[in-house]
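# Structural overview
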Amino acid sequence: MKKEQRRLSTAEERRETVLRTAIGAFAARGYFGTTTTEVAKAAGISQAYVYRLFPNKEALFTAVVEHCFVRVRAALEEGAARATSSAPETVLDSMGDAYARLISDNDLLLVQLHAQAAAVSEPAVRDAVRAGYARVVEYTRGASGGDDRQIQRFFATGALCHLIASLDGDGLDTPWMRTLAAGIRHY
């Protein structure tokens, strides 16, 4: 009988596990309400090991924010690849559909909202959010070929999607929500 060898995870694998776990923790309680102890417990590791991977909670949260922007970019790339023509409107529409599917994962949506709120008073978080948006805006411009007005509208619609999703707007049948949600897809 062959003896199975247990494979230990590398620090990079543990780091990825902590990031994925931290998304759920930060989504539930935000930057200010989440402790590294909660993240460690959810990841099944010690708090000391979290600090070995990330020097402090701020570094952990900014890494989570960056991880979320990587997921956003990947969704936009998938959307651009599925576009049925190269017309900017078509590419942006396909990218928007891919993004709407992505934020149906409430944890990702909540981390984005918490990051934007924390960015108001936390310079490192603000820098991470700015850098993430800069990369995503420039990718969207290049992939779609859209002009400034089209790119602005794309991101304004995304912000409106965040609002509608955070208010569970699809569950409201009111004139004001019908106005805000008209023509916007949610999954």
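Residues numbered from 1 in each chain as written. Predicted model: local features only at pLDDT ≥ 70, side-chain atom pairs only at ≥ 80, totals over all residues. Heavy atoms only, no water.

### Structural notes on unusual backbone geometry
Most of the time, phi is negative for any residue but glycine, and the peptide bond is trans. In plain terms, the rule: Going along the chain from the N terminus, every DSSP run of H or I of four or more residues is numbered as a helix, and every run of E of two or more is numbered as a strand. A simple rule labels every residue: compare its accessible area, found with a 1.4 Å probe on the protein chains alone, to the largest value its type can have, and call it buried under 20%, exposed over 50%, or partly exposed in between.
One non-glycine residue with positive phi stands out, namely Asp168, at about 50 degrees. Secondary-structure assignment places Asp168 in the loop between helix 8 (148-166) and helix 9 (175-181). A relative accessible area of 52% means that Asp168 is categorised as exposed.

### With respect to helix 5 (residues 88-102)
The test is simple: Here the expected length of a helix is defined as 1.5 Å per residue gap, with one fewer gap than residues. Residues are treated as being in contact if the distance between any of their heavy atoms lies within 4.5 Å.
Here helix 5 contains 15 residues, and its C-alpha end-to-end distance of 21 Å stays within 8% of the 21 Å for a straight helix at 1.5 Å per residue. Within helix 5 the residues assigned to the buried category are Val91, Leu92, Ser94, Met95, Asp97, Ala98, Tyr99, Ala100 and Leu102. In this fold, the buried residues of helix 5 make contact with helix 4 (57-82), helix 6 (106-119), helix 7 (123-144) and helix 8.

### A closer look at the environment of Gln150
Structurally, the position occupied by Gln150 is in helix 8. Distance from Gln150 to Glu89, taken between C-alpha atoms, is 7.8 Å for residues 61 residues apart in sequence. Discounting residues that sit within four places of it in the chain, Gln150 has contacts with Pro88, Glu89 and Leu92.

### Some thoughts on the packing of helix 4 against helix 7
Filter applied, for reference: For helices, the axis comes from a line fit to the C-alpha atoms of the stretch in contact; other axes are also lines fit to C-alpha atoms, and the angle between any two N-to-C directions lies between 0 and 180 degrees. Angle categories: roughly parallel below 35 degrees, roughly antiparallel above 145, roughly perpendicular from 65 to 115, and oblique for all the rest. Classification convention: Asp, Glu, Lys, Arg as charged; Ala, Val, Leu, Ile, Met, Phe, Trp, Tyr, Cys, Pro as nonpolar; all other residues, Gly among them, as polar.
Put simply, helix 4 and helix 7 touch, their axes get as near as 9 Å, and they point 10 degrees apart. The orientation of helix 4 relative to helix 7 falls into the category roughly parallel. Facing Glu58, Phe61, Thr62, Val65, Glu66, Phe69, Val72, Arg73, Leu76, Glu77 and Ala80 of helix 4, the residues of helix 7 in contact are Ala124, Val125, Ala128, Val129, Gly132, Tyr133, Arg135, Val136, Tyr139, Thr140 and Ala143. When its residues are assigned to classes, the contact of helix 4 with helix 7 shows 14 nonpolar, 3 polar and 5 charged.

### Description of helix 1 (residues 11-33)
Think of an α-helix as turning once every 3.6 residues; residues three or four places apart then point the same way. This is how it is decided: Think of it this way: the bend at a residue is just the angle between two axes, each fitted to seven residues, one set ending at that residue and the other starting at it.
The end-to-end C-alpha distance of helix 1 is 26 Å, clearly below the 33 Å that 23 residues give at a rise of 1.5 Å each. Along helix 1, the sharpest change in direction is near 80 degrees and occurs at Ala27. All of the buried residues in helix 1 are Val18, Leu19, Thr21, Ala22, Ile23, Ala25, Phe26, Ala27, Gly30 and Tyr31. Those residues of helix 1 that are buried lie in contact with helix 2 (36-43), helix 3 (47-53), helix 4 and helix 6.

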